[in-house]
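# Coordinate analysis (summary)
Chain residues, written in single-letter form:
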Amino acid sequence: MAGITSRKMKVRRVISWAVLGMMILLPSTLTTAQSADQNITFARDILPILQENCQDCHRDSGIGPMSLMNYAEVRPWAPLIQYKVVNREMPPWHIDRTIGLQKFKNDRSLSDEEIAMISAWVNAGAPEGNTADMPAPMEFADVTAWSIGEPDVVVNWEYTVPESGPDQWGELYSRELIGKMQNGRYIKAIQTRTVDDASRRVVHHALSYATKDRTQPQNDQFLVEYASGKSAEIYPGNSGVLLEHDSEIRLSYHVHPVGVETNAKIQLGIVFYPEDVVPEYRRWSKMLGYSGTLLDIPGGEVVRNDGYVYFQTNATITAFQPHMHALGAYQCLELIYPSAGGTAKTELISCANWDYNWHTIYNYADDVAPLVPKGTVGHIISYMDNTDNNPGNHDARNWTGDGRRTIDEMAFSWIGWYSMTDEQYLAELERRNALNPGLASSND
Ligand code: HEC
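The shown structure was predicted, so the numbers you read here are calculated from the model rather than taken from an experiment. (Residues numbered from 1 in each chain as written. Predicted model: local features only at pLDDT ≥ 70, side-chain atom pairs only at ≥ 80, totals over all residues. Heavy atoms only, no water.)

Our focus in this paragraph is empty space enclosed by the protein. Using a probe with the size of a water molecule, rolled over the atoms, empty space left in the structure can be pinpointed. Counted according to the given criterion, the structure contains five cavities of 30 Å³ or more. Forming the boundary of the largest cavity are 16 residues, of which Phe222, Glu233, Arg283, Ser285 and Gly416 lie nearest the centre. Contributing elements (two or more residues each) for the lining of the largest cavity: strand E5 (221-227), strand E10 (281-288), strand E13 (314-324) and strand E20 (411-420). Here the residues of the lining of the largest cavity sort into nine nonpolar, five polar and two charged. Viewed by domain, the lining of the largest cavity spans two of them, domain 2 (153-279) and domain 3 (284-439), each represented by three or more residues. (1 Å grid on protein atoms, 1.4 Å probe; cavity = no way out; pocket = protein on both sides within 12 Å on 5 of 7 lines; lining within 4 Å. Points joined across faces, edges and corners; volume = space filled by probe spheres on them. Helix = DSSP H or I, 4+ residues; strand = E, 2+ residues; numbered from the N terminus. Nonpolar A, V, L, I, M, F, W, Y, C, P; charged D, E, K, R; others polar. Domains from an automatic or database assignment.)

Pairing between side chains of opposite charge can happen when the charged atoms of each approach one another. Considering all chains together, one arrives at 21 salt bridges under this definition. Between aspartate 366 and lysine 105 there is a salt bridge, with the nearest N and O atoms lying 2.9 Å from each other. Here lysine 105 lies in the loop between helix H5 (78-86) and helix H6 (112-123) and aspartate 366 lies in the loop between strand E16 (362-363) and strand E17 (371-372), a separation of 261 residues in the sequence. Here arginine 431 ties to glutamate 428 by a salt bridge, and the two come within 3.0 Å at their closest N and O atoms. With a gap of three residues between them, arginine 431 and glutamate 428 both fall in helix H8 (residues 422-435), about one helical turn apart. On the accessibility criterion, arginine 431 (37% relative accessible area) is partly exposed. Owing to a relative accessible area of 17%, glutamate 428 belongs among the buried residues under this scheme. Members of the salt-bridge network, linked through shared partners, are Asp367, Glu428, Arg431 and Arg432. (Salt bridge = Lys/Arg side-chain N within 4 Å of Asp/Glu carboxyl O. Buried < 20%, exposed > 50% of the residue type's maximum accessible area, 1.4 Å probe, protein only.)

To continue, consider the pairing of strand E9 (residues 262-272). The buried fraction of E9 amounts to nine of the 11 residues, a majority that puts the element mostly inside the structure. Looking at chain direction, strand E1 (residues 153-161) and E9 are connected through nine bridges and run antiparallel. The residue bridging valine 155 from the neighbouring strand is leucine 268, located in E9. As paired elements, strand E3 (residues 185-194) and E9 share seven bridges and run antiparallel to each other. Paired with threonine 192 across the bridge in E9 is leucine 268. (Pairing = 2+ DSSP bridges.)

The next thing to look at is H8. Between its terminal C-alpha atoms H8 stretches 20 Å, which fits the 20 Å expected from 14 residues at 1.5 Å a residue. Buried within H8 we find Gln424, Tyr425, Glu428 and Arg432. End-on, the buried residues of H8 take up no more than an arc of 95°, which puts them together on one face. Those residues of H8 that are exposed and angled more than 90 degrees off the buried face are Glu423, Leu426, Glu430 and Ala434. Taken together, the buried residues of H8 touch E10, E13, E17 and E20. (Expected span 1.5 Å × (residues − 1). Arc of directions from axis to C-beta. Contact = heavy atoms within 4.5 Å.)

What follows deals with the coordination of the iron atom of the ligand. Surrounding the iron atom of the ligand are the protein donor atoms His58 (NE2) and Met90 (SD), which sit 2.0 to 2.3 Å from the metal. Coordination at the iron atom of the ligand is octahedral: its six donor atoms span angles of 86 to 180° at the metal. Linking histidine 58 in the loop between helix H3 (42-53) and helix H4 (71-74) with methionine 90 in the loop between H5 and H6, this pair joins segments that are 32 residues apart in sequence. Here methionine 90 falls in the partly exposed class, since its relative accessible area comes to 28%. (Donors = N, O, S within 2.8 Å, 3.2 Å for Na, K, Ca; no water. Tetrahedral: all angles 85-135°; square planar, octahedral: opposite > 155°, others 65-115°.)

This structure, assessed with the given rule, holds one disulfide. Each sulfur of the disulfide joining cysteine 332 and cysteine 351 lies 2.1 Å from the other. Because the torsion about its S-S bond is 110°, the bridge between cysteine 332 and cysteine 351 counts as right-handed. Taken as a pair, cysteine 332 in strand E14 (residues 328-336) and cysteine 351 in strand E15 (residues 346-353) lie far apart in primary sequence, 19 residues in all. Residue cysteine 332 shares its accessibility class with cysteine 351, and that shared class is buried. (Disulfide = S-S within 2.5 Å.)

The buried count for E3 comes to nine of 10 residues, which makes it a mostly enclosed element. Looking at chain direction, E3 and strand E7 (residues 239-243) are connected through three bridges and run antiparallel. The residue bridging arginine 185 from the neighbouring strand is leucine 243, located in E7. Sheet topology places E3 next to strand E6 (residues 232-234); three bridges connect them, and they run antiparallel. The residue of E6 that forms the bridge with alanine 189 is isoleucine 234.

Turning our eyes to something else, we now look at the site of the ligand. Around the ligand, the structure places 20 residues, and the nearest of them are Cys54, Cys57, His58, Met90 and Trp358. At 3.0 Å from an oxygen atom of the ligand is found a side-chain nitrogen or oxygen belonging to tryptophan 358. Top element by residues in the shell around the ligand is H5. It accounts for four residues. Looking at the shell around the ligand, its residues break down into 14 nonpolar, four polar and two charged. (Near = heavy atom within 4 Å. Polar contact = N/O pair within 3.5 Å; in protein donor to acceptor, adjacent residues only side chain to side chain.)

Glancing now at H6. Taking 1.5 Å of rise per residue, the 12 residues of H6 would be expected to cover 16 Å, and the 16 Å separating its terminal C-alpha atoms lies within 8% of that figure. For H6, the set of buried residues is Ile115, Ile118, Ser119, Ala120, Trp121 and Val122. Downstream of H6 by a residue or two, glycine 125 has a phi angle that is positive, lying close to 95°.

A few words now on the sheet that holds strand E18 (residues 377-385). Ordered in space as E12-E18-E14-E15, the four strands form an open sheet in which the pairing is antiparallel. At either margin of the open sheet sits one strand with a lone partner, and together these are strand E12 (302-310) and E15. Taken over all neighbouring pairs, the strand axes of this sheet differ in orientation by 20° on average, direction set aside. Summarising the sheet, E12 and E18 pair through nine bridges and their orientation is antiparallel. Its bridge partner being in E18, valine 309 is matched across the sheet by glycine 378. (Axes fitted to C-alpha atoms, helices over the stretch in contact; angles between N-to-C directions.)

Here it is, written out as structure tokens:
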């Protein structure tokens, strides 16, 4: 690989010298783009992009497979970095950019300009430039510290990850909180952390849920995601998640062996609202649109599955998180608005490509978070690819149905929302319309 890279580089060097020669001879308009490429340097242009968008995972104790902190570490990866960013495989953010809402609180994707800059830089031979241009190294929050303040309660899990072998997915349960909350408590802030560096190396991601009945996961309440450093959620002042008094806490993990047997220690910390405070909005996050037993995916076929959920109250949808297994390819959230006698109006809200390695939550920005009147139907459309074209497929000859094992399939979304009274709903609708007069009739 290194050989190929350096040979390609030499060829590119020759080309750029040729271009440089042409610059002298040709009118400047023709060469502007190329000469701009020559000026892109690691020190001034590329390092800031990596600091902002990559290093959180790609550093010594991050979840990425290699560190991308300085020129020496980045240079050998330049061609693969170009490939991954141009194809939008890195940073991991799989929302379909051609459909639906595009404003998210946690968007970690690169802009078209950033991608063009990285690509042009690699094409120009990935020059380092003047080290004096380099920004100061980023300071990363210690992910083994609580960023939500001192939690009121802490839930602990331990799991032994073997020295080697394939990645593992699974569920751990904790009954630690049962009996500790009289009538349940509203969560104000919540965070998952790995307790030490060794744990952090092996935990790819971990999602936590409040569970009342292990056999009914569709009723679980999603709590928080742990992946890289972004593991804490502090709810805006007017909202909270009610943790009911008899909840077990479920941890859904993805771990990878790193060459030494590791005892992974994971903690969930929760800060509650004071006992007598009920926040204005109760937030929910549940598994919606599950039509499990209908899954019927013959070998060699691409199958579509449709699931539905009825909103009994007005609501603001805050988050969309697709969930499928290995055959998952693509999932969409559509809303079917209630209509008074006419044809129901539908709106495609979001679609995302699916990669089982990444369970990404797409948190809508406050001003675009879908506002749904009661009686709206949420429609989850999932595509499962049981052909050899799907890199996640184990064996395209197998019929696959629904089930909880990794080799079975699932198709639903984790949807985050909070309910609204008619007054709250109308007030928010008015506020949105004022922000965006052109779209005033969108929910009529
Ligand atoms: C949320 C964490 C995260 C972020 C942010 C992230 N990466 Fe990654 N990256 C990973 C993980 C984990 C892998 C390995 C698994 C995979 O490919 O999905 C990976 C794989 C890669 C690979 C392929 C390595 C190989 O050997 O195949 C490249 C190249 C890469 N990342 C570059 C980048 C760049 C450049 C950025 C920023 C523009 C970035 N990544 C942002 C976590 C991340």
